[in-house]
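Remarks on the overall topology
This is what each chain is made of:
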Amino acid sequence: MDSLVELYKIGHGPSSSHTMGPAKACQYLKEHFPEATRFEITLYGSLALTGKGHLTDIIILNELGPNTKIVFDIKSKVKHPNTFIAKVFNDEKMIKQITFISLGGGSISIDSKVEESNKDIYPFHNFDEIKKYAYENNISLDKVVDRFENIDEYLKKVYFQMDKTITDGLTKDGVLPGKLQVKRKAKIIYSSLHEDDGHEKVIRLLSAYACSEENASGAIVVTSPTCGSSGVLASALYYYYHDKNTPIEKIIEALKVGGLIGNVIKHNASIAGAYAGCQSEIGSACSMAAASICFLEGGNIKQIEYASEIAMEHHLGLTCDPVEGMVQIPCIERNAVATLRAFDAAYLATILSSLSQVSFDTVVETMYQTGKDLKNAYKETSKGGLAKYFFHK
Ligand code: SF4
């Protein structure tokens, strides 16, 4: 399994696979072909169908310059839905053609090779192996991370970027970019709080934090595990840091625990909505947050595993159907709902862990199989579900 640096990436939203991945590919092209005078980029599959709504073309032009031709090929069939081909030209001569795949979470493969940096830091293949290692060494899950990488400073940066993204989002009014004219809601929810709201106050706080409107507007976010689902873990941690006065050291430990869960999913299934539907983005984010919350509430390894399992289990089959190809409807509210569900999963797990019958590894495998069985229309194409219904109104 890879370093957590590969899971928690800091960059521009709204989509790790549609903006961060292509941006990284463009940086690769600039670095390796300084002699290039122009580029031609052909986007396929989900990138072609929802690239405009996800700002893929804007990112490519920003990176490679206006002398770049972008083709949205919605007809050709490709093996991976996030494939794009770059042709590099020096004057009229094509000097190189490269096939990139945006794997989700901002990772890419280059001519079928996955980037080598930070690969295989951890000798584990699933959660059972992580759990066994922790038990054998009598250590908690965050300490498992410490055994394989020294990542505290990076995770501190990660948390404070999450914190800044949420704080910025709570102060903004107006509508989000794009023709849906979606009104920003985080500030409205946050301003509606009353001291005597009781339990409802927590729900409102978490929903405001998780709104993810900053992501939708292309601001800087942290993939956790993706941009589209970046509000879930971030808002849970923000709540602990600001409203429960949890020290930053503990928040970093929680990021490690949630990171191991995200890594298991990334390694054994997928975190790309274009590959396995929204269950792989929001479901994964919910599992990561549930693990972190359970850890912060003093849960043991068995309870943390159960919390993550519950969180994923009840997202199985969740489709990706972004209206107009933008990461706004249903994505923004979906982050808020998943955050609340993560808390429910964590609390349920602390009560019921002795009755757990499904392992986390099993639910991850089930998610992957379900994702493979989903029709393509429900995998970030905007051709099915809510997106289709909306188009027909
Ligand atoms: S529906 Fe889910 S997977 Fe699809 S773009 Fe929105 S957040 Fe991402």
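Just above sits the structure.
Description of the structure in this document. All of these numbers come straight from a predicted model, not from anything done at the bench.

Closest axis-to-axis distance for the helix α14 (residues 301-313)/helix α15 (residues 331-352) pair is 8 Å, and the angle between their directions is 135°. By the criterion of interaxial angle, the relationship of α14 to α15 is oblique. Seen from above, α14 lies across α15 with right-handed handedness. Between α14 and α15, the residues in contact are Gln303, Tyr306, Ala307, Ile310 and Ala311 and Arg341, Ala342, Ala345, Ala346, Leu348, Ala349 and Thr350, respectively. Looking at the contact of α14 with α15 residue by residue, the classes come out as nine nonpolar, two polar and one charged.

The strands making up a sheet associate through backbone hydrogen bonding, with each pair oriented either parallel or antiparallel. Strand order in this open sheet of six strands is β3-β2-β4-β5-β6-β7, and the pairing throughout is mixed. The sheet terminates laterally at β3 (68-72) and β7 (113-114), the two strands that pair on one side only. For strand β2 (residues 38-43) and β3, the ladder comprises five bridges, and the chain directions are parallel. Paired with Leu43 across the two strands is Phe72, which belongs to β3. Strands β2, β4 (83-90), β5 (93-104) and β6 (107-110) of the sheet are contacted by helix α1 (residues 16-32), whose axis makes an angle of about 145° with β5. Helix α3 (residues 56-64) rests against β2 and β3 of the sheet, and its axis sits at about 160° to β3.

Let us now look at the site of the ligand. Neighbouring residues of the ligand: 13 residues in total, closest Gly228, Gly273, Cys278, Cys320 and Cys331. By residue class, the composition of the shell around the ligand is seven nonpolar, three polar and three charged.

Turning our eyes to something else, we now look at the environment of Ile293. Note on placement: Ile293 falls in helix α13 (residues 282-296). By C-beta crowding, Ile293 is classed as buried, having 30 other C-beta atoms within 10 Å. A sequence separation of 181 residues divides Ile293 from Ser112, and the C-alpha atoms of the two residues are 37 Å apart. What Ile293 contacts, discounting residues up to four positions off in sequence, is Ala236, Ala342, Phe343 and Ala346.

Next up on the list: the packing of helix α10 (residues 231-243) against α13. With their axes 8 Å apart at the nearest point, α10 and α13 run at an angle of 20° to one another. Of the possible angle classes, the one that applies to α10 and α13 is roughly parallel. In this structure, α10 meets α13 at a crossing whose hand is right-handed. Taking contact as the criterion, the partners of Val232, Leu233, Ala236, Leu237 and Tyr240 in α10 are, on α13, Ala285, Cys286, Met288, Ala289, Ser292, Ile293 and Leu296. Residues that form the contact of α10 with α13 fall into these classes: eleven nonpolar, one polar and no charged.

Glancing now at unusual backbone geometry. Look at the link from Gly13 to Pro14: it is a cis peptide, with omega at 10°. Residue position: Pro14 is located in the loop between β1 (10-12) and α1. Look at the link from Ser224 to Pro225: it is a cis peptide, with omega at 5°. Unlike most non-glycine residues, Asn138 shows phi in positive territory, near 55°. Residue position: Asn138 is located in the loop between α4 (127-137) and α5 (141-148).

Time to look at helix α16 (residues 360-373). Compared with the 20 Å implied by 1.5 Å per residue over 14 residues, the 20 Å span of α16 between its first and last C-alpha is a close match. Buried within α16 we find Phe360, Val363, Val364, Met367 and Gly371. Angular distribution of buried residues about the axis of α16 spans 105°; they occupy a single face of the element. Contacts made by the buried residues of α16 are with α4, α11 (248-268), α12 (273-276), α13 and α14.

Core analysis: the biggest nonpolar cluster contains 115 residues, and Cys286, Ala289, Ala290, Ala307 and Ala342 have the highest contact counts within it. No other element matches α13, which puts eleven residues into this core. When residues of this core are sorted by domain, at least three fall in each of domain 1 (14-114) and domain 2 (127-391). Discounting chain neighbours no more than four positions away, the residues touching Cys286 are Val232, Ala311, Met312, His315, Ala338, Arg341 and Ala342.

Rules of the game
- Residues numbered from 1 in each chain as written.
- Predicted model: local features only at pLDDT ≥ 70, side-chain atom pairs only at ≥ 80, totals over all residues.
- Axes fitted to C-alpha atoms, helices over the stretch in contact; angles between N-to-C directions.
- Helix = DSSP H or I, 4+ residues; strand = E, 2+ residues; numbered from the N terminus.
- Parallel < 35°, antiparallel > 145°, perpendicular 65-115°, else oblique.
- Left-handed = near helix turned anticlockwise from the far one by under 90°.
- Contact = placed C-beta atoms within 7 Å.
- Nonpolar A, V, L, I, M, F, W, Y, C, P; charged D, E, K, R; others polar.
- Pairing = 2+ DSSP bridges.
- Near = placed C-beta within 6 Å.
- Buried ≥ 20, exposed ≤ 12 C-beta atoms within 10 Å, placed from the backbone.
- Expected span 1.5 Å × (residues − 1).
- Arc of directions from axis to C-beta.
- Core = buried A, V, L, I, M, F, W, Y, C linked by C-beta atoms within 7 Å.
- Domains from an automatic or database assignment.

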